[in-house]
Amino acid sequence: MYSAVITLQGGTAVPYFLDEDNAWQIKISDLESSISEYKQKGIKPKLLVVINPGNPTGQIFSDKTIQEFIKFAHKHNLTIIADEVYQQNIFKKGAEFHSFRKVVTHMPEPYNKVQILSLNSISKGYTGDCGFRGGYVEAVNVDKKVWEELTKIKDVFNLPTIGGIALDLAVNPPKKGREADETVEQFEKEKQDILSSLKRRAEMCTDYLNKMDNLKSNPVDGAMYAFPQIFFGKGALKEAERRQVHPELMYCMEALEKTGVVTVPGNGFGERPDTYHFRTTTLVLPEPLLHEAFKRFHDFNKWFHQEYK
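Worth saying up front: this structure is predicted, and the values here are computed from it rather than measured. (Residues numbered from 1 in each chain as written. Predicted model: local features only at pLDDT ≥ 70, side-chain atom pairs only at ≥ 80, totals over all residues. Heavy atoms only, no water.)

**Student:** Pulling in residues and values, what's your account of the overall build of the protein chain?
**Tutor:** Looking only at helices and strands, the protein chain features 10 helices and 9 strands. Compactness check: the protein chain gives a C-alpha radius of gyration of 21 Å against a globular reference of 19 Å for 309 residues, within 12% of the reference. When its C-alpha atoms are laid out on the principal axes, the protein chain stretches across 60 × 60 × 40 Å. Sorting the 309 residues of the protein chain into buried and exposed places 42% on the buried side. (Helix = DSSP H or I, 4+ residues; strand = E, 2+ residues; numbered from the N terminus. Rg over C-alpha atoms; globule rule 2.2 N^0.38 Å. Buried < 20%, exposed > 50% of the residue type's maximum accessible area, 1.4 Å probe, protein only.)

This is the structure we're talking about:
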């Protein structure tokens, strides 16, 4: 989405890689390499986009890592867009969501002055209804003129009425002493049931993927996706070359045709050279249907790697 919008506006996206061998965390040296490469081409980056928890990788950044992002942004005079729409979706035991806003306000000067645009949405979390088209942005340390322009955009592209109601309920949920106890209890029960189910499905996804031949997946610590690495044999790479398609696309299309399971080739998200991935989701319901889908995918994956050794 971000790269598409940048292209639409005539800008240039400057990609950076996460460290797959370290649970999709970040190396600041990789950020420095990316920005240095593009500055040498005459491109001056303006924004740093960070998705936390991650899509498609499902990682959760620590307080320390977020501080490193903020220091990097200050060094290069970047405004941070903190995409935090999955902040309710934390599954790793002992893990905690740290908002960029909270972290930056506790940092010393000059880092506590870094400009941040924090995003949230009712399309994710425990509400998970994309059809309502509801979300918000919180501007931290942003210049008044920028805020005025954001207000103009909001006035032009306003929420639909139902989306506004849903968003208001998400940021201002039922509370004891204000709503009836029965209402609050029912809300909390439904919320926890949804989040517990999402956690079970995240664990299921990690477990199934790591039992498959030639696949390796980091745990789905947060968000709603896994981004496993595929290790193709020479036969698969040769067949993809013969078909004149990317190996990941060949894999994902054959999976769709043989199992009905939709996956997304990893090259659309960006990946290190000579690595291959696909994105899959944990959103399938009811849970037995997700079990069944993974069983079909397991059999397909085994067939694929035997067919194209």
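Read on for the rest.
**Student:** I'd love a proper account of the pairing of strand β3 (residues 116-121), names of residues and values included.
**Tutor:** With 4 bridges joining them, strand β2 (residues 79-83) and β3 adopt parallel strand pairing. Its bridge partner being in β3, Ile 80 is matched across the sheet by Ile 116. With helix α4 (residues 100-105) bridging β2 and its parallel neighbour β3, the resulting β-α-β unit is right-handed. In this sheet, strand β4 (residues 135-140) lies alongside β3 in antiparallel orientation, the contact comprising 6 bridges. Within β4, the position partnered with Ile 116 by the bridge is Val 140. (Pairing = 2+ DSSP bridges. Right-handed = clockwise from strand over helix to strand, strands pointing away.)

**Student:** Please provide a residue-by-residue account of the nonpolar core, values included.
**Tutor:** In terms of nonpolar packing, the biggest core is built from 32 residues, with Leu 209, Tyr 251, Phe 278, Phe 294, Phe 297 and Phe 304 touching the most fellow members. Breaking this core down by element, the ones donating at least two residues are α7 (181-209), α8 (234-243), α9 (247-259), β9 (276-281) and α10 (287-307). At 8 residues, the largest contribution of residues to this core is made by α7. Here Phe 297 is in contact with Met 212, Tyr 251, Ala 255, Thr 259, Val 261, Thr 263 and Phe 278, once residues within four sequence places are set aside. Judged by nonpolar contacts, the second largest core, of 24 residues, contains Leu 31, Phe 69, Val 104 and Met 107. (Core = buried A, V, L, I, M, F, W, Y, C linked by side-chain atoms within 4.5 Å. Contact = heavy atoms within 4.5 Å.)

**Student:** Let's hear about the pattern of salt bridges: which residues, and what values?
**Tutor:** Under the criterion given, the structure shown has 16 salt bridges. Where Asp 155 meets Lys 154, a salt bridge forms, and the shortest distance between an N and an O atom there is 3.2 Å. Because the salt bridges share partners, they merge into one network encompassing Glu 239, Arg 242, Arg 243, Glu 254 and Lys 258. (Salt bridge = Lys/Arg side-chain N within 4 Å of Asp/Glu carboxyl O.)

**Student:** Describe the packing of α8 against α9, with residues and values.
**Tutor:** Two elements in contact, α8 and α9, have axes separated by 9 Å at closest approach and are oriented at 95°. When the interaxial angle is binned, α8 and α9 end up roughly perpendicular. Contacts between α8 and α9 involve Ala 236, Leu 237, Glu 239, Ala 240 and Arg 243 from the former and Pro 247, Met 250 and Glu 254 from the latter. (Axes fitted to C-alpha atoms, helices over the stretch in contact; angles between N-to-C directions. Parallel < 35°, antiparallel > 145°, perpendicular 65-115°, else oblique.)

**Student:** If you had to explain the side chain of Arg 279 to someone new, which residues and values would you point to?
**Tutor:** As for its placement among the helices and strands, Arg 279 is situated in strand β9. Despite its burial, Arg 279 pairs with no opposite charge; the closest candidate is Asp 83, at 10 Å N-O. In terms of polar contacts, Arg 279 uses its side chain to reach the side chain of Asn 55, at 3.0 Å. (Lys, Arg positive; Asp, Glu negative; His and termini not counted. Polar contact = N/O pair within 3.5 Å; in protein donor to acceptor, adjacent residues only side chain to side chain.)

**Student:** Give me the lowdown on the packing of aromatic side chains, citing residues and values where you can.
**Tutor:** Across all of its chains, the model carries 22 aromatic pairs by this definition. Ring geometry for Phe 61 against Phe 69: centres 5.2 Å apart, planes inclined by 65°, an arrangement best described as edge-to-face. Given the relative accessible area of 2%, Phe 61 is considered buried. Judged by relative accessible area, which is 0%, Phe 69 ranks as buried. Three or more aromatic residues link up through ring pairs in this structure, and these residues are Phe 232, Tyr 251, Tyr 276, Phe 278, Phe 297, Phe 300, Trp 303, Phe 304 and Tyr 308. Just above the ring of Tyr 38 sits the side chain of Lys 41; from NZ or CZ to the centre is 4.4 Å. The ring of Tyr 111 has Lys 71 lying over it, and the distance from NZ or CZ to the ring centre is 5.8 Å. (Phe/Tyr/Trp six-rings, centres within 6.5 Å; stacked < 30°, edge-to-face > 60°. Lys NZ or Arg CZ within 6 Å of the ring centre and 35° of its normal.)

**Student:** Tell me about the sheet that holds β3, and name the residues and values.
**Tutor:** The strand order across the open sheet built from 4 strands is β1-β2-β3-β4, with neighbouring strands paired in mixed fashion. The outermost strands of the open sheet, each flanked by one partner alone, are β1 (47-51) and β4. For this sheet, the mean angle separating the axes of adjacent strands, direction not counted, is 20°.

**Student:** So, the confidence of the model for the protein chain: which residues are in play, and what are the values?
**Tutor:** When pLDDT is averaged along the protein chain, the result is 93, and 100% of the positions lie at 70 or above. Within the protein chain, no element has a lower average pLDDT than helix α6 (residues 161-171), which sits at 84, and none a higher one than strand β7 (residues 229-230), at 98. (pLDDT = per-residue confidence, 0-100.)

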